[in-house]
Amino acid sequence: MYKEQMPEEVLARINRKEHVVILDVREQEEWESGHIPGAKHIPLGQIARALNELNPTQETVVVCRSGNRSGQACDFLSSMGYNVLNMPGGMSKWTGD
């Protein structure tokens, strides 16, 4: 199981200069239309092949457009032992840069 953190909470953590690891699982076109500065981009369909790019012990906030695909990614990653948080509402609710 994984926890969730609302977009405004994630933004507040970034604004407090906390080290927040963000994984964006949207498709390339969505990523190019705008993303959270410093986020890592691995489309949902490539997550299983890219596990070595993620630190399982590092808390990672997973983001998509609305929170659906990021939830799927969180289900998968948490089942593999990764420390993940889903961001419900996704980029459609993001108010930061």
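A. Inspection of the sheet that holds strand 4 (residues 60-63) at higher detail. Across the sheet, 5 strands lie side by side as 1-5-4-2-3; this open sheet has parallel pairing. Each edge of the open sheet is held by one strand with a lone partner, namely strand 1 (3-4) and strand 3 (40-41). Here strand 1 pairs with strand 5 (residues 84-86) via 2 bridges, running parallel. Its bridge partner being in strand 5, E4 is matched across the sheet by N86. The sheet contacts of helix 3 (residues 68-79) involve strand 2 (21-24), strand 4 and strand 5, and relative to strand 5 the element is tilted by about 160°.

B. Quick look at the side chain of S70. Note on placement: S70 falls in helix 3. Under the relative-accessibility criterion, S70 is labelled buried at 0%. Excluding anything up to four places from it in sequence, S70 contacts V25, V62, V63, C64, N86 and M87.

C. Focus on the pairing of strand 4. Side-chain alternation along strand 4 places T60 and V62 on one buried face and V61 and V63 on a second face that is also buried. Inspection of the sheet shows strand 2 paired to strand 4 by 4 bridges, in the parallel sense. Along strand 4, the bridge assignment pairs V21 with T60. Bridging between strand 4 and strand 5 involves 3 bridges; their strand directions are parallel. Counted as the bridge partner of T60 is V84 from strand 5. Of the crossover connections in this fold, the one passing from strand 4 over helix 3 to the parallel strand 5 is right-handed.

D. Structural detail: the nonpolar core. The biggest cluster of nonpolar side chains holds 15 residues, and the ones touching the most others in it are L23, V25, I47, V62, L77 and V84. Counting residues per element, this core draws most heavily on helix 3, which supplies 3 residues. Beyond its immediate chain neighbours, meaning those up to four positions away, V62 contacts L23, V25, S70, A73, C74, L77, V84, L85, N86 and M87.

Reading the values: rules and limits
Position numbers for residues start from 1 in each chain and track the written sequence from start to end. Restriction of local features to residues with pLDDT of at least 70 applies here, the model being predicted, together with a cutoff of 80 or more for giving and counting side-chain atom pairs; totals for whole chains, interfaces and linings are based on all residues. Working from all heavy atoms in the structure, the side-chain values ignore hydrogens and water. Whether two strands pair comes down to DSSP finding at least two bridges between them. Working definition: helices are DSSP H or I runs of at least four residues, strands are E runs of at least two. Numbering for both runs from the N terminus. Whether two residues touch is decided by their heavy atoms; if any such pair falls within 4.5 Å, the residues are in contact. Fitting a line to C-alpha atoms yields each axis, with helices limited to the stretch in contact; the angle taken between N-to-C directions then spans 0 to 180 degrees. For the exposure calls, accessible area comes from a 1.4 Å probe over protein chains only, and a residue counts as buried if that area is under 20% of its type's maximum, exposed if over 50%, partly exposed in between. Handedness is read with the strands pointing away from the viewer; a crossover is right-handed when the path from the first strand over the helix to the second is clockwise. For our purposes a nonpolar core is just a set of buried Ala, Val, Leu, Ile, Met, Phe, Trp, Tyr and Cys residues, chained together by side-chain atoms within 4.5 Å.

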